Protein chains: 2
Amino acid sequence: MSTIKDIAAEAGVSVMTVSNVIHNNHARVSPATAQRVREIMARHQYVPNMAARSLISKSSHIIAVLLPIWHGSAASMLLDPYTGQLVGYLEELLREKQYYVMVCSFDQVEQVLALQQTWQMDGMILVLPHEDAITRDLIQRTQAPLVVFDRHYEDLPMLDVCLNDRRGGYTATRYLLEKGHRKIGFAAPSIYESSVIQGRFQGYLEALAEYQLRERKDWLFDGAVHQEGGEAVAEALSHMQERPTAVVATEDLLACGILKGCQERGMQVPEDLSVIGFDDSMPARLITPQLTTIAQDIRQKAATGVQQLFQAMEDETYRNAHAVLDIRLVERQSVREPGNI
Amino acid sequence: MSTIKDIAAEAGVSVMTVSNVIHNNHARVSPATAQRVREIMARHQYVPNMAARSLISKSSHIIAVLLPIWHGSAASMLLDPYTGQLVGYLEELLREKQYYVMVCSFDQVEQVLALQQTWQMDGMILVLPHEDAITRDLIQRTQAPLVVFDRHYEDLPMLDVCLNDRRGGYTATRYLLEKGHRKIGFAAPSIYESSVIQGRFQGYLEALAEYQLRERKDWLFDGAVHQEGGEAVAEALSHMQERPTAVVATEDLLACGILKGCQERGMQVPEDLSVIGFDDSMPARLITPQLTTIAQDIRQKAATGVQQLFQAMEDETYRNAHAVLDIRLVERQSVREPGNI
DNA sequence: GCGTCTCATGATATCGGTTTCATCTGTTTT
DNA sequence: AAAACAGATGAAACCGATATCATGAGACGC
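Residues numbered from 1 in each chain as written. Chains lettered and ligands numbered in written order. Predicted model: local features only at pLDDT ≥ 70, side-chain atom pairs only at ≥ 80, totals over all residues. Heavy atoms only, no water.

S.K.: Where do I start with the overall build of chain A in this structure?
M.R.: Across its full length, chain A holds 14 helices and 12 strands. For 341 residues, the compact-globule formula gives about 20 Å, and the C-alpha radius of gyration of chain A, at 26 Å, lies well above that figure. Projected onto the principal axes, the alpha-carbon positions of chain A cover approximately 90 × 40 × 35 Å. Of the accessible surface of chain A, which amounts to about 14700 Å², a share of 48% is contributed by carbon and sulfur atoms. The distance from the centre of the 32 positive side-chain charges to the centre of the 43 negative ones in chain A is 4 Å. (Helix = DSSP H or I, 4+ residues; strand = E, 2+ residues; numbered from the N terminus. Rg over C-alpha atoms; globule rule 2.2 N^0.38 Å. Areas by Shrake-Rupley, 256 points an atom, 1.4 Å probe, with all protein chains shown as cover. Lys, Arg positive; Asp, Glu negative; His and termini not counted. Charge placed at Lys NZ, Arg CZ, Asp CG, Glu CD.)

Structure (C-alpha cells):
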C-alpha cells in the first residue's frame, strides 16, 4: 500500500513529478524520468488514493444510482427485473468511463443531498419505476447533475430519459384494432397517478378515437397490480355480461396474470381473449402462449441517460434535456383476430 | 457546502471541539457548547466530507459488491433476479449499518485489488451465481475482508454463505420418490463444473440410493441452460423410448423451459411428467401449472453474509467461517404421482 | 558575454477532517 | 497559600494527493 511519496523517494524525484507521470503530462516531465517512475509504480502496484484525490479536486468520480424505497423494502426495487437490468447497464457504461457506481436506496430528499455532499458525488441517476412525490423536490434541490428515468415534468428544467409511452399505448391498441378487435379493455396499476401509465392510456384513447370508439368504464381495470392484479382482472372478466375481446395491460406481469387467470377460468388466450403487454420482460417468453408485448431497449435507455449525465457534468448550462425513446411491437402468440367478428 | 472550519468559526470554537461534538465525545465538550455547535451544524446542513475522513482513518465505510463479468456483459448479472434481489437486500442491510455500497463488475483479480486500495474499501462481497476460476485467486490475494456467496473451498480459509445444496437435491428427489416416482431424471447447466450443482447432484444420488436406485446416463441432461436448455430437454424427452416420469431441474428457469417444451410437444405436466425446480423465483408462480420448487431465503442469506463481514471487519483473526443455510420445499402443481405406477 | 527563453523539476500550501499533546481555568487537596 | 487535578478547549501535525509558483540548467540570440 505505497503512496506517491514512496514512489517519488524510490525514483529520486519529487511527488509532483510522479503526479505528472500519472496524469501523462508529457510537457512537464522528460520521457526518461517518466519511464523510470512508471516502472517503479508498476513494481509497487501503486494505485492512487481516491480520498486524497477527491479531497482536493472536490470530485470523487462517483455516480449515485438512487433507488427510492417503495412501500417498505428497497430490495423490491432491484428485484424488479427492469430496474436490475437498467442498473446493470448503467454500471457497465459508467465503469467504461472510469466512474464508480454507488447504489443508494433512500426515502427522503435530505438523505440524497447529504449523500451527494458527503461523497462529493459528480452526478446522480434516479431510477423510478413508480410515481412518487419526492422527485420534484429532489430535482429542484440537488446540487449535482441528476438524470431521471421514466419521469418528466414540463414545468421544470431537468434531465430525463423517457419512453414514448403515448406511442406505446397507441401502437398496442392500434395493433388490436387492425386485427379486428373493437371491444378493447385497458388494465393498469393506477391509471391516473403515473405519468407513464397516463401516457399509455392517452395512446390507447387516441387509437380508439381513430376508429370512432370510446373507452368503456367497465373495461378499464384500474388498480391491477402485478400477477395477482391480473388474475383479479380475469376474475372480473369471467363474470361480465359483455366482455372485451382484447385487453391492453401496461405491464407484462399484469398481462401474465390475466393469461393465467383466464386459463384457470376456462377462457382461452388468444382464442377467447387477446392480451398485449408492456416491457418484453423475461416472463413474456416463458408463458404459454408467449406474450405479444411492447418492448423497450433498456441498454439504449441507459446509454442515453449516461450521455446526458456526462454532458451535464462537463457543461454547467446543460440542465434541461428530454430524451424520448421509441418502442417496438414484439408479435408473439397472445393476440389473434376476435372469434365472432 | 460548509466545512468544519466554518462551523467552528461561527461557533467561536476550534475545529476540534466541533469534531468532538460530531463524535458525541461527551467527556471532551461541555453540554452547552455541544448544543450550540449542533444548532449551527443543523442550520448550515453541515455534512462531514468522507474523503477527508477516510484519508486519515484509512477506511471509507464503503463495501464493494463485486459482480464477476460472465461471458461478456455485466448487465446479465443484475438481470438475474436472484442477484438483483441479493444485492438489494445487501444494500438495505449495509445502509442500516451506515455503510455505503459500491457495485463493481470486474473480470480480473487485479481490478478488484486496485479498487479496494484506491477506495480503502472496508470489505467486499462477492456475488457468484456461476462457477469461475478467479474466485480462489481473489480469496487468497485480497487485503480487505471478503465474503463469498454460494461457493466454498475446503482447503482455503474464507468467509462464505452457501446453501445446503446436497440437502436441496436430496429433498427434491426424495419428494419425487415418495410420490411413487422411480424413473427420475436430472437436468442442469453443467453438472461437474459448479460446486452448487454438484451438491444438488450428490443429494439426488443419495436419495436414489436410499431406494436402491442408480442414475441413468440417458436421464442426465447436462448443459441445459436457461429456458432454451429446458426446451431442448423436452425435445430430447419426446424422442425417448423409455422416458423418466419426473425430472429434477437445478434452476426454475430450466424447469420452466422443460414445462413449456413439454406442453408444446403434447406431454402434459404433471400428468405425463413431474418437474421440480430450484429457487422459487418469480416465474415459478407465473406458469401453468405452478412450479413445485426448492426455495431459499435470500434475505437471510444476505443477513448472514453481512454478519460475517462485520465480524471480520472488527476482528482480524475472524477469516474463516462457513455458513450453510437450509432450503425448504414449496409444493405447488408440477408434481404428482406417476401415471402407470 | 549577458539577458532571455524553454524545459525539467521541486518546494510549499492546500483540501477537510482526525489525532496527539498542550494549555488554561477554576476547584480541590494539604 | 501552594500544589495537584479535573474539565474544557485549542494548536499543530498529518493523511495522500493536486495546484501554484519558483528555480536551475542549458540553448539561443545579439
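S.K.: What should I look at first to understand the protein's contact with DNA strand C in this one?
M.R.: Around DNA strand C, the structure places 27 residues, and the nearest of them are Ser14(A), Ile4(B), Met16(B), Ser19(B) and His23(B). One of the side-chain nitrogen or oxygen atoms of Arg28(A) is found 2.9 Å away from a base oxygen of DNA strand C. With respect to DNA strand C, the side chain of Ser19(B) contributes an N or O atom lying 2.7 Å from a phosphate oxygen. At the level of secondary structure, the elements contributing two or more residues to the surface near DNA strand C comprise α2 (15-22) and α4 (50-57) of chain A together with α2 (15-22) and α4 (50-57) of chain B. Sort the elements by how many residues they give to the surface near DNA strand C and α4(B) lands first, with 4 residues. Residue composition of the surface near DNA strand C, grouped by class: 14 nonpolar, 9 polar and 4 charged. (Near = heavy atom within 4 Å. Polar contact = N/O pair within 3.5 Å; in protein donor to acceptor, adjacent residues only side chain to side chain. Nonpolar A, V, L, I, M, F, W, Y, C, P; charged D, E, K, R; others polar.)

S.K.: Would you mind going over the relation of the copies chain B and chain A with me for this structure?
M.R.: Here two copies of a chain appear, and what relates them is a rotation about an axis with a shift along it. Placing chain B over chain A gives an RMSD of 0.1 Å and needs a rotation angle of 180 degrees, together with 0.0 Å of translation along the axis. What the superposition gives is, in effect, a two-fold axis relating one chain to the other. When the interface residues of chain B are mapped onto chain A, 100% of them again fall at the interface, so both copies present the same face. (Least-squares fit on C-alpha atoms with pLDDT ≥ 70 in both. Contact = heavy atoms within 4.5 Å.)

S.K.: Just checking my understanding: could you explain the pairing of strand β3 (residues 123-126) of chain B for this structure?
M.R.: Regular strands place side chains that alternate from one sheet face to the opposite one. All names here are of chain B. Taking every second residue as pointing to the same face, both faces of β3 are buried, with Gly123 and Ile125 on one and Met124 and Leu126 on the other. When strand β1 (residues 62-68) meets β3, the two strands line up parallel, connected through 4 bridges. Paired with Ile63 across the bridge in β3 is Gly123. The pairing of β3 with strand β4 (residues 146-149) spans 3 bridges and is classified as parallel. Bridge pairing in β4 links Leu126 to Val148. (Buried < 20%, exposed > 50% of the residue type's maximum accessible area, 1.4 Å probe, protein only. Pairing = 2+ DSSP bridges.)

S.K.: Can you help me understand the sheet that holds strand β7 (residues 220-221) of chain B in this one?
M.R.: What links the strands of a sheet is backbone hydrogen bonding, and the strands pair in either a parallel or an antiparallel sense. Residues and elements named next belong to chain B. Across the sheet, which stays open at both edges, the 6 strands sit in the order β7-β6-β8-β9-β10-β12 with mixed pairing between neighbours. Two strands lie at the open edges of the sheet, namely β7 and β12 (328-330), each paired on one side alone. Two strands pair when backbone bridges link them, and strand β8 (residues 246-249) and strand β9 (residues 274-279) are joined in this way by 3 bridges, in the parallel orientation. What sits directly across from Ala246, in β9, is Ser274. Lying on the sheet, helix α9 (residues 165-178) is in contact with β6 (184-187), β8, β9, β10 (292-295) and β12; it crosses β9 at an angle near 160 degrees. Lying on the sheet, helix α12 (residues 252-264) is in contact with β6, β8, β9 and β10; it crosses β9 at an angle near 155 degrees. (Axes fitted to C-alpha atoms, helices over the stretch in contact; angles between N-to-C directions.)

S.K.: I'm lost on the interface of chain B and chain A in this one. Help?
M.R.: How big an interface is tends to be expressed through the accessible area that disappears when the partners come together. Contact with chain B, which involves 53 residues of that partner, is made by 53 residues of chain A. Between chain B and chain A the total buried area reaches about 5000 Å² when both faces are included, carbon and sulfur atoms providing 61% of it. For Glu228(B), the salt bridge goes to Arg285(A), with nearest N and O atoms at 3.8 Å. Put simply, chain B and chain A have 18 residue pairs in polar contact (both at pLDDT 80 or more) between them. (Buried area = accessible area lost by both parts, 1.4 Å probe. Salt bridge = Lys/Arg side-chain N within 4 Å of Asp/Glu carboxyl O.)

S.K.: So what exactly am I meant to see when it comes to the protein's contact with DNA strand D here?
M.R.: Not every one of the 27 residues close to DNA strand D is listed here, only the nearest: Ile4(A), Ser19(A), His23(A), Ser14(B) and Thr33(B). Counted by atom, the contact set of DNA strand D within 4 Å of the protein is 64% sugar and phosphate. Between a phosphate oxygen of DNA strand D and a side-chain N or O atom of His23(A), the distance comes to 2.5 Å. Ala52(A) places a main-chain nitrogen or oxygen 3.4 Å from a base nitrogen of DNA strand D. Those elements that place two or more of their residues in the surface near DNA strand D are α2 and α4 of chain A together with α2 and α4 of chain B. The biggest single contributor to the surface near DNA strand D is α4(A), with 4 residues.

S.K.: Got a minute to help me understand the packing of aromatic side chains in this structure?
M.R.: What describes a pair of aromatic rings is the distance from one ring centre to the other and the angle between the planes of the rings. Counting across every chain of the model gives 13 aromatic pairs over all chains. The interplanar angle of 40 degrees and the centroid separation of 4.8 Å between the aromatic rings of Phe186(B) and Tyr204(B) together place this pair among those described as tilted. Of this pair, Phe186(B) sits in strand β6 while Tyr204(B) sits in helix α10 (residues 195-210), and the two are 18 residues apart along the sequence. Each residue in the set Tyr100(A), Trp119(A), Tyr100(B) and Trp119(B) is aromatic and connected to the rest through ring pairs, giving one cluster. In this structure, Arg136(A) packs its charged tip against the face of Tyr153(A), placed 5.0 Å from the ring centre. The ring of Trp219(A) is capped by Arg216(A), whose NZ or CZ atom sits 4.0 Å from the centre of that ring. (Phe/Tyr/Trp six-rings, centres within 6.5 Å; stacked < 30°, edge-to-face > 60°. Lys NZ or Arg CZ within 6 Å of the ring centre and 35° of its normal.)

S.K.: What is the right way to read the packing of helix α9 (residues 165-178) of chain A against helix α10 (residues 195-210) of chain A from this model?
M.R.: Helices that pack against each other are described as a pair by the angle of their axes relative to one another and the distance between those axes. Residues and elements named next belong to chain A. Remark: α9 packs on α10, axes separated minimally by 6 Å, with the N-to-C direction vectors making an angle of 40 degrees. Relative to α10, α9 is oriented oblique. Along this stretch, α9 crosses α10, giving a crossing that reads as right-handed. Contact residues: α9 offers Asp165, Arg166, Gly169, Tyr170, Thr173, Arg174 and Leu177, while α10 offers Val196, Gly199, Arg200, Gln202, Gly203, Tyr204, Glu206, Ala207, Leu208 and Glu210. (Parallel < 35°, antiparallel > 145°, perpendicular 65-115°, else oblique. Left-handed = near helix turned anticlockwise from the far one by under 90°.)

S.K.: I keep staring at helix α6 (residues 81-96) of chain B and nothing clicks. Help me out?
M.R.: Think of an α-helix as turning once every 3.6 residues; residues three or four places apart then point the same way. Residue and element names in this part refer to chain B. Spanning 16 residues, α6 covers 23 Å between terminal C-alpha atoms, matching the ideal 22 Å at 1.5 Å per step. The element α6 is extensively covered by neighbouring structure, given that 14 of its 16 residues are classed as buried. In the stretch just after α6, Gln98 is the one whose phi turns positive, near 65 degrees. (Expected span 1.5 Å × (residues − 1).)

S.K.: Is there a simple way to think about the side chain of Asn164(A) in this case?
M.R.: Residue and element names in this part refer to chain A. Here Asn164 shows up in the loop between β5 (159-163) and α9. A relative accessible area of 17% means that Asn164 is categorised as buried. A polar contact is formed between the side chain of Asn164 and the backbone nitrogen of Arg167, at a distance of 3.1 Å.

S.K.: Just checking my understanding: could you explain the environment of Ser54(B) for this structure?
M.R.: Within the fold, Ser54(B) resides in helix α4. Sequence separation between Ser54(B) and Trp119(B) is 65 residues, and the spatial gap between their C-alpha atoms is 8.6 Å. Excluding anything up to four places from it in sequence, Ser54(B) contacts Ala51(A), Ser59(B) and Ser60(B).

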